[in-house]
Amino acid sequence: MKDILLITPPFTQLNTPYPATAYLKGFLNTKNISSFQMDLGIEVILELFSKKNLQKLFDYSIENNMIKSENAQRIYVLKDEYLKTIEDVIGFLQGKNQTIARQICTLNFLPEASRFSELNELEWAFGTMGIQDQAKHLATLYLEDLSDFIVECIDENFGFSRYAERLGQSANDFNELYANLQRETTVIDAITLKILDEKLKFIQPKLVCFSVPFPGNLYSAFRCAQFIKKQHPKIKIGMGGGFPNTELRSVSDIRVFDFFDFITLDDGELPVELLLSNVLNPSPSNPDFNQFKRTFLKENGKVAYNNLSIKNDYKQAYVGTPDYSDLLLYQYISVIEIANPMHSLWSDGRWNKLTMAHGCYWGKCTFCDISLDYIKIYEPITAKLLVDRVEEMIAQTGESGFHFVDEAAPPALMRALAIEIIKRKITVTWWTNIRFEKSFTKDLCVLLKESGCIAVSGGLEVASDRLLELIKKGVTLEQVAQVTNNFTNSGIMVHAYLMYGFPTQTVQETVDSLEMVRQLFELGTIKSGFWHQFALTTHSPIGLNPSEYAIFPDYKEISFANNDIQFKDKTGIDHDKFSFGLKKSIFNFMHGVGFELPLQEWFDFKIPRTNINQDFMGECIASEPYFIIKPSAKIIWLGKTPLVSEHTKSKKGKSKQMLQLTFHDKNESIQVVMEKKTGEWFLNILEKLSIYHNEFFTFSALKTDYETHFGDFELFWYSKPINSLRSHGLLVL
C-alpha cells in the first residue's frame, strides 16, 4: 500500500521513461511520503506487441472486416511470420539476444510491408550503419508496419509516442474529447485499463496523480481517470505536467472535474504535497486544510482556482534526486527510425534525465512561453550537487547516460559540470539543449567533450539575421556557424531546431534559410535538424502583443485548452506549402546527399533563387575573430604528466641545457622542447594547472608567475611548444 500512485499515461517514448514521475518520486522521498510510479505507456506497448495480443489483433481485424488496403492485406497474409518473430524482435530491441541481429540483417528473416520501401530508397545510408544499428533500423520498420496495420484496422488513434493526439491539440472546448470518452473503450483502452486495474488493486493508493506532458497523453489520462472514478471511487485523482501547465491555465468546463478532482499548474512538488495532505486529513484541524498551491478543483458546482497556501515552492537544491525505482527500466525498447546518429539519440538507448537549471537563463525569445514560471523562474543548481545526483542515479539505474532536459543549459554551469565530472574520474555520456552563443569557444567544447558530452541541440530557428533579431534570439548566423563548428570539431554532434512561417517571414527568407541550412550540413557543422512551422501560443510575447508582429489572431471562446492560436499574417503567404519540401530536403541532408541539387528540386511549385552566396557559412567560420584572453580566464591542463629527458643543444660554440617533454594522450604523443630552467618552471606550473588541482590558475596569475622568473610572457605563451599543447589539452576557459 502506498499513499500516491504516479502515472505517465500512454504514450511518450519507447526507449526511456519520461522523467516527471521520477522527479516527483525523488521529492516525495525527501518527505518520507510513500509512492509508486508507473509508465503505463511502455507497459501497454509490451502487452500490445506480445504474441498473444498480436494474434487477437489479427483475429479482430478479420472478424470485423477491417482490412481494406493492399498493405494491410499483405500484413495479414504474413501474420504467421509476424507471430513467429514478434517476441524475438521486442527482446532484441530491449537489448536481449543481440546475436539475432545477424539474422535480422539477412533481409529474409522479418516480414516486410510498406515501411521497408524507405529502406530501398536510402540503401546507401543504411550501408553506413553497424550491424546492430542496421538490425535496430530494420526491426523499427517492422514495428512501424504493424503500427500502420493497427491504425488502419484496430484503432486510428494509435501511435508509438502518442495516442489520440488530435483530441488534445488546440481543444478549445471539451466537447469532442468528452464525446469520445462516452464511447465504448477501444482495444488499446481495454489493455490500458486492465493493467491499471491490476496496479490499483496492488498499490491501493489514496491519491493517483497523472503527469500529462503532451496532447498525445491527454485522452488516455481522461480514460484512466474515468475508469478509476467508476471502479475505485474512493481514490482521489490529480493531473499535472506540461499539458495542463501550458494549455489548461484557464480551464472552466465543470465536466473536466467529473474525471479529475484536482489539476495543478507549474512545479509539482509543493502542489502534490498539499494535495496528499488534504486527501489524508480533510478536516479543519489540518493546517493545510483547503490550502492548495496553483490548483483547480470543483467547489459548489463550479471550477475554482485555489492558490491559498502561503508556503513557498521548494528550491531546486531541496527537491531530491530523481528516483527511477518501480519503472521497468530494462524493458524499454530502443528503436532507430532513420540512419542518422544524432537523430537516433531521441529513440535509441535509455537515458537518465536531469536538469541543470530550472527555467531559461536567456528568457527573451518572442515565440516562447517566457511568461510562464517553468521558463521565467531561472534557478541553477551547483555542479557539485548535480554530479552527486548523477552518481546516485548511476548507482540506482546502472546507466551512465544522461539527457539534461534544460530549456537552454547555461554555458558557465556546463563548464563547471564538466570540470566536476572529470575531477571525480567518472564515466558519463551526456547531451543537452543549448543556445548557440559565443561563450561556446573551441576550448570549452573540448572540455565538454572530455567530460562525456556527445551531442547538443539548439535553435537556429529561421536562419535569417533579420528574423533572429525579431525573435530576440541573441545570436547571429555568423555566431551559429562558428559555434556549431567548434562543437563539431571537438567531436560533439549538433542538432538544429529550425522554424519557418514566422510572422513577416517572406518567401525569399524561407528559401534563403534553407540555403543556410544546406551549407551548414554540407560543411558538416550540423548533423541533424528538424523544421517546425511557427505556432502562435497564448503565453508568448507574440501571443500577448500580436499587433507588434503584424499578425491577426483568431481568438475563440475558451473553456478547456488554451495555448495554440490560429492567426493570419499580413504577408498572406501560405507557409504550409513549404512543409514537405523543407522536410524532404533536410531528410536528405541528414543522410549526406542532395547538396548539389538546386533548391527548386525540393519543391513542386516555383520558388525564387537564393540570394545567399554559396560560401556564406564557410566565410562566417573563417572570419572567427582573434581570441583575446581575459586576465580572469582560467587556464586548465587536461593532460598527464609528461616524460622528461635532458639534452644539450649547441649553437655557435655555445651550449644550452634543454628539456624534452613527451606528452601522451589517448590518441597520440607529442614532444616539446624548452630551455631547462623554463622547462622546470613549466613542469611545476603544470601540476597547478591540472584540472585535478584544488584551485585554478588564471591567465593573469600565470603571466605574473612567469614574469617573476623570466622575461616577456607573451613570447612564451605564443611560442611553438605552447601552441602545440594548446591543441592537446591546455585550455583557456
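Our subject in this report is the structure included herewith. (Residues numbered from 1 in each chain as written. Predicted model: local features only at pLDDT ≥ 70, side-chain atom pairs only at ≥ 80, totals over all residues. Heavy atoms only, no water.)

### Overview of the pairing of strand S22 (residues 654-664)
Then, in step 1: Relative to S22, strand S21 (residues 643-651) runs antiparallel, the two being bridged by 9 bridges. Looking at the pairing, His 647 lines up with Met 658 of S22.
Then, in step 2: Linkage of S21 to S22, two consecutive antiparallel strands, is achieved through a turn of 2 residues, within which Lys 652 is found at a positive phi near 55°.
Then, in step 3: The sheet contact formed by S22 and strand S23 (residues 669-675) spans 7 bridges and is antiparallel. Looking at the pairing, Leu 661 lines up with Val 672 of S23.
Then, in step 4: The hairpin turn running from S22 into S23, its antiparallel successor, is 4 residues long. (Pairing = 2+ DSSP bridges. Helix = DSSP H or I, 4+ residues; strand = E, 2+ residues; numbered from the N terminus.)

### Considerations on the sheet that holds strand S24 (residues 697-698)
Then, in step 1: Overall, antiparallel pairing links the 3 strands, which are arranged S24-S20-S25 in an open sheet. Edge positions in the sheet fall to S24 and strand S25 (730-732), since each of these pairs with one other strand and no more.
Then, in step 2: Judged from the 2 bridges that link them, strand S20 (residues 634-637) and S24 form a sheet pairing that is antiparallel. Bridging across to S24, Lys 634 finds its partner in Thr 698.
Then, in step 3: Strand contacts of helix H26 (residues 676-689): S20, S24 and S25, with the helix running at about 100° to S20, the strand carrying the most contacts. (Contact = heavy atoms within 4.5 Å. Axes fitted to C-alpha atoms, helices over the stretch in contact; angles between N-to-C directions.)

### Topic: the pattern of salt bridges
Then, in step 1: Enumeration over the complete set of coordinates arrives at 30 salt bridges.
Then, in step 2: When salt bridges with common partners are traced through the structure, they connect Lys 384, Asp 388, Glu 391, Glu 420 and Arg 424 into a single cluster. (Salt bridge = Lys/Arg side-chain N within 4 Å of Asp/Glu carboxyl O.)

### Considerations on the side chain of Ser 35
Then, in step 1: With respect to the helices, strands and loops of the structure, Ser 35 is situated in strand S2 (residues 35-39).
Then, in step 2: Its relative accessible area of 3% is what places Ser 35 among the buried residues.
Then, in step 3: Sequence-distant contacts of Ser 35, that is, excluding residues within four places in its chain, are made with Lys 2, Ile 4, Lys 25, Leu 28 and Asp 326. (Buried < 20%, exposed > 50% of the residue type's maximum accessible area, 1.4 Å probe, protein only.)

### Overview of the nonpolar core
Then, in step 1: If you look at the biggest cluster of nonpolar residues, it comprises 179 residues, and the most contacted ones within it are Phe 49, Phe 222, Trp 430 and Phe 560.
Then, in step 2: Counting residues per element, this core draws most heavily on helix H9 (residues 131-153), which supplies 10 residues. (Core = buried A, V, L, I, M, F, W, Y, C linked by side-chain atoms within 4.5 Å.)

### A word on the packing of aromatic side chains
Then, in step 1: For the structure shown, the criterion picks out 47 aromatic pairs.
Then, in step 2: With a centroid separation of 6.4 Å and 50° between ring planes, the pair formed by Phe 49 and Phe 158 is classed as tilted. Taken together, the residues span a long stretch of sequence, with Phe 49 in the loop between helix H2 (40-48) and helix H3 (51-63) and Phe 158 in the loop between H9 and helix H10 (165-168) at a distance of 109 residues.
Then, in step 3: A residue is classified by how much of its surface remains accessible, and Phe 49, at 3% relative accessible area, is buried.
Then, in step 4: A relative accessible area of 6% places Phe 158 in the buried class.
Then, in step 5: The interplanar angle of 25° and the centroid separation of 5.8 Å between the aromatic rings of Phe 713 and Trp 717 together place this pair among those described as stacked. You can see Phe 713 and its partner Trp 717 sitting in helix H28 (residues 713-717), 4 residues apart, about one turn around the helix. Like Trp 717, Phe 713 is buried.
Then, in step 6: An aromatic cluster of three or more residues is present, and its members are Trp 681, Phe 682, Phe 699, Tyr 706, Phe 710, Phe 713, Phe 716 and Trp 717.
Then, in step 7: The ring of Tyr 324 carries Arg 350 above its face, with NZ or CZ at 5.5 Å from the centroid.
Then, in step 8: Lying across the ring of Trp 362, Lys 364 places its NZ or CZ 4.4 Å from the centre. (Phe/Tyr/Trp six-rings, centres within 6.5 Å; stacked < 30°, edge-to-face > 60°. Lys NZ or Arg CZ within 6 Å of the ring centre and 35° of its normal.)

### Structural notes on the sheet that holds strand S13 (residues 453-461)
Either a parallel or an antiparallel arrangement is found when strands of a sheet pair, and the pairing is made through backbone hydrogen bonds.
Then, in step 1: If you walk across this open sheet you meet the 6 strands as S8-S11-S12-S13-S14-S15, and the pairing is parallel. Looking at the sheet topology across the chains shown, the edges are occupied by strand S8 (352-354) and strand S15 (528-533). Along the sheet, successive strands turn relative to each other by an average axial angle of 20°, direction set aside.
Then, in step 2: Bridging between S8 and strand S11 (residues 401-404) involves 3 bridges; their strand directions are parallel. Paired with Asn 352 across the bridge in S11 is Phe 402.
Then, in step 3: On the sheet, helix H18 (residues 411-423) packs against S11 and strand S12 (429-434) and is oriented at approximately 175° with respect to S12.
Then, in step 4: Packed onto the sheet, helix H24 (residues 579-590) meets strand S14 (493-500) and S15 and runs at close to 175° relative to S15.

### Comments concerning the packing of H3 against helix H5 (residues 79-93)
Then, in step 1: Relative to each other, H3 and H5 sit at 160°, their axes nearing to 9 Å. Considering the angle they form, H3 stands roughly antiparallel to H5. The interaxial crossing formed by H3 with H5 has right-handed handedness. Mapping the contact onto sequence places Lys 51, Leu 54, Gln 55 and Phe 58 in H3 and Lys 79, Tyr 82, Leu 83, Ile 86 and Glu 87 in H5.
Then, in step 2: Split into classes, the residues belonging to the contact of H3 with H5 amount to 5 nonpolar, 1 polar and 3 charged. (Parallel < 35°, antiparallel > 145°, perpendicular 65-115°, else oblique. Left-handed = near helix turned anticlockwise from the far one by under 90°. Nonpolar A, V, L, I, M, F, W, Y, C, P; charged D, E, K, R; others polar.)

### Overview of unusual backbone geometry
Then, in step 1: With an omega dihedral of -10°, the bond running from Pro 10 to Phe 11 counts as a cis peptide bond.
Then, in step 2: Position of Phe 11 among the secondary structure elements: in the loop between strand S1 (4-8) and helix H1 (20-30).
Then, in step 3: Backbone geometry at Asn 32 places phi at a positive 55°, although glycine is not the residue there.
Then, in step 4: Structurally, the position occupied by Asn 32 is in the loop between H1 and S2.
Then, in step 5: Classification of Asn 32 as exposed rests on a relative accessible area of 74%.

### Concerning the packing of helix H22 (residues 507-523) against H24
Then, in step 1: Relative to each other, H22 and H24 sit at 10°, their axes nearing to 10 Å. By the angle class used here, H22 and H24 are roughly parallel. Residues Thr 510, Leu 514, Val 517, Arg 518 and Phe 521 of H22 touch H24, and the partners they reach there are Leu 582, Ser 585, Ile 586, Phe 589 and Met 590.
Then, in step 2: Classifying every residue of the contact of H22 with H24 by side-chain character gives 7 nonpolar, 2 polar and 1 charged.

### Digging into the environment of Met 342
Then, in step 1: Along the polypeptide, Met 342 turns up in the loop between strand S7 (302-306) and S8.
Then, in step 2: Along the primary structure Met 342 and Met 590 are separated by 248 residues, whereas in three dimensions their C-alpha atoms are 9.2 Å apart.

That is the geometry; function is a separate question.
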